[in-house]
Amino acid sequence: MSQRKPKVVLTRKLPDSIETRMRELFDTTLNETDVALSHDALIEAVKTADVLVPTVTDKIDADLIAYAGEQLRLIASFGTGVDHIDLAAAKSRGITVTNTPGVLTEDTADMVMALILAVPRRIAEGDALARSGKWHGWSPTGMLGHRINGKRLGIIGMGRIGEAVARRARGFGLSIHYHNRKPVHPETEAELEATYWDSLDQMLSRVDIVSVNCPHTPATHMLLSRERLSRMQSSAYLVNASRGEVVDEQALGELLDARDIAGAGLDVYANEPHIPETLRNLKNVVLLPHIGSATIEGRLEMGDKVIINVQTFWDGHSPPDRVIEAML
């Protein structure tokens, strides 16, 4: 690569220390307003940048990539998921794609566990009642929820985050069940005392809490369809801190409203920032604004990974977090 500094365009505001370091190392254009770039602004960015640093809120599809100038050689995404990037279109133009895996595993698993606790124990409802001024004191039958100790947790996607969730859940007395493309290593399965289900349908009908921890890919799009959600027990809970597109939100809202599913804890949605009114109006749903990875430590580590990927690539080497379609 050239010894000149690469022209890097950031689509969103990143932590100050990360932006400062990127300005030192690269010819970096910042987004100081932290408002998502318009489609026209993204077109201008791919026309002029050597490296684009988008986030999950940016749709880097084939139509946008078609506008890319010959100088655009790297899309260094600030985030783990890459479902917002058309990898095939990037590959056809010779554009390398990187992400920031691994650094958010513990943060996201913490949030999943928080939702697993919050929904059955009605934490959000209790908070609202305490703030309302309508609470009349302790009662033997007041705000009754369900204990999670002794319940079965079904994890969809036993990758890094799924395993981290399983380890936390075991500490709360949950037994671990999981559905994956293939079983995890026998040692990991033995450590977690986990039960593998080749059939997702069979697992859904037998567990008390379902945690969605798989990435959004063509194979997992609407994986939890109305038919599959209907297989869940009426006493079961659904937690999703992965991607909203994995779940049929319309069906979920209707099943929750009918109490065919006991409750849900959601941190992600299919059309963010839009959250369906059916979900927003339900008391048996805990809603979070996509904060599963929102820790200061995690964001700084993500930024460091982006910098390493850009610098390594510009130095003529294969970046450590290169995304290959076959890996997904």
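Being a predicted model, the structure only gives us computed values, none of them experimental. (Residues numbered from 1 in each chain as written. Predicted model: local features only at pLDDT ≥ 70, side-chain atom pairs only at ≥ 80, totals over all residues. Heavy atoms only, no water.)

(A) Layout of the packing of helix α1 (residues 16-25) against helix α13 (residues 296-314). Orientation of α1 relative to α13, taken along the N-to-C sense of each, is 15°, at an axis distance of 9 Å. Between α1 and α13, the angle is such that the two are roughly parallel. The way α1 lies across α13 gives a crossing that is right-handed. For the pair formed by α1 and α13, the contact residues are Ser17, Ile18, Arg21, Met22 and Leu25 on the first element and Leu300, Gly303, Asp304, Val306, Ile307 and Gln311 on the second. Here the contact of α1 with α13 is built from residues that sort into six nonpolar, three polar and two charged. (Axes fitted to C-alpha atoms, helices over the stretch in contact; angles between N-to-C directions. Helix = DSSP H or I, 4+ residues; strand = E, 2+ residues; numbered from the N terminus. Parallel < 35°, antiparallel > 145°, perpendicular 65-115°, else oblique. Left-handed = near helix turned anticlockwise from the far one by under 90°. Contact = heavy atoms within 4.5 Å. Nonpolar A, V, L, I, M, F, W, Y, C, P; charged D, E, K, R; others polar.)

(B) Broad picture of the domain arrangement of the protein chain. With domains assigned, the protein chain is organised as domain 1 (7-99 + 295-327) and domain 2 (105-287). Distance from the C-alpha centre of domain 1 to the C-alpha centre of domain 2: 32 Å. Contacts between the two partners involve six residues from domain 1 and, on the opposite side, five residues from domain 2. For the pair domain 1 and domain 2, the two sides together bury roughly 370 Å², of which 31% comes from carbon and sulfur. Put simply, domain 1 and domain 2 have one salt bridge between them. (Domains from an automatic or database assignment. Buried area = accessible area lost by both parts, 1.4 Å probe. Salt bridge = Lys/Arg side-chain N within 4 Å of Asp/Glu carboxyl O.)

(C) Geometry of unusual backbone geometry. Here the bond from Glu272 into Pro273 is cis, since omega is 5°, no more than 30 degrees from zero. Inspection of the secondary structure assignment puts Pro273 in the loop between β11 (263-266) and α12 (277-280). A positive phi angle, near 50°, is found at Met143, a position not held by glycine. You can see Met143 is positioned in the loop between α6 (123-132) and β6 (152-156).

(D) Region of the structure containing the packing of aromatic side chains. Overall, the coordinates contain one aromatic pair when judged by the stated rule. Relative to Tyr196, the ring of Tyr178 has its centre 5.2 Å away and its plane inclined at 50°; by these criteria the two rings are tilted. Here Tyr178, found in strand β7 (residues 175-179), pairs with Tyr196, found in strand β8 (residues 195-196); they are 18 residues apart in sequence, far enough to count as distant. (Phe/Tyr/Trp six-rings, centres within 6.5 Å; stacked < 30°, edge-to-face > 60°.)

(E) Geometry of the sheet that holds strand β1 (residues 7-10). Read from one edge of the open sheet, five strands run β2-β1-β3-β4-β5, paired in parallel fashion. Edge positions in the open sheet fall to β2 (27-29) and β5 (96-98), since each of these has one partner strand only. Put simply, the sheet's adjacent strands are angled 15° from each other on average, direction ignored. When β1 meets β2, the two strands line up parallel, connected through three bridges. (Pairing = 2+ DSSP bridges.)

(F) Quick peek at α13. Over its 19 residues, α13 runs 27 Å from end to end, which matches the ideal 27 Å to within 8%, given 1.5 Å per residue. The set of residues buried in α13 consists of Gly298, Met302, Gly303, Val306, Ile307, Asn309, Val310, Thr312, Phe313 and Trp314. Two residues or fewer after α13 comes Gly316, characterised by a positive phi angle close to 95°. (Expected span 1.5 Å × (residues − 1). Buried < 20%, exposed > 50% of the residue type's maximum accessible area, 1.4 Å probe, protein only.)

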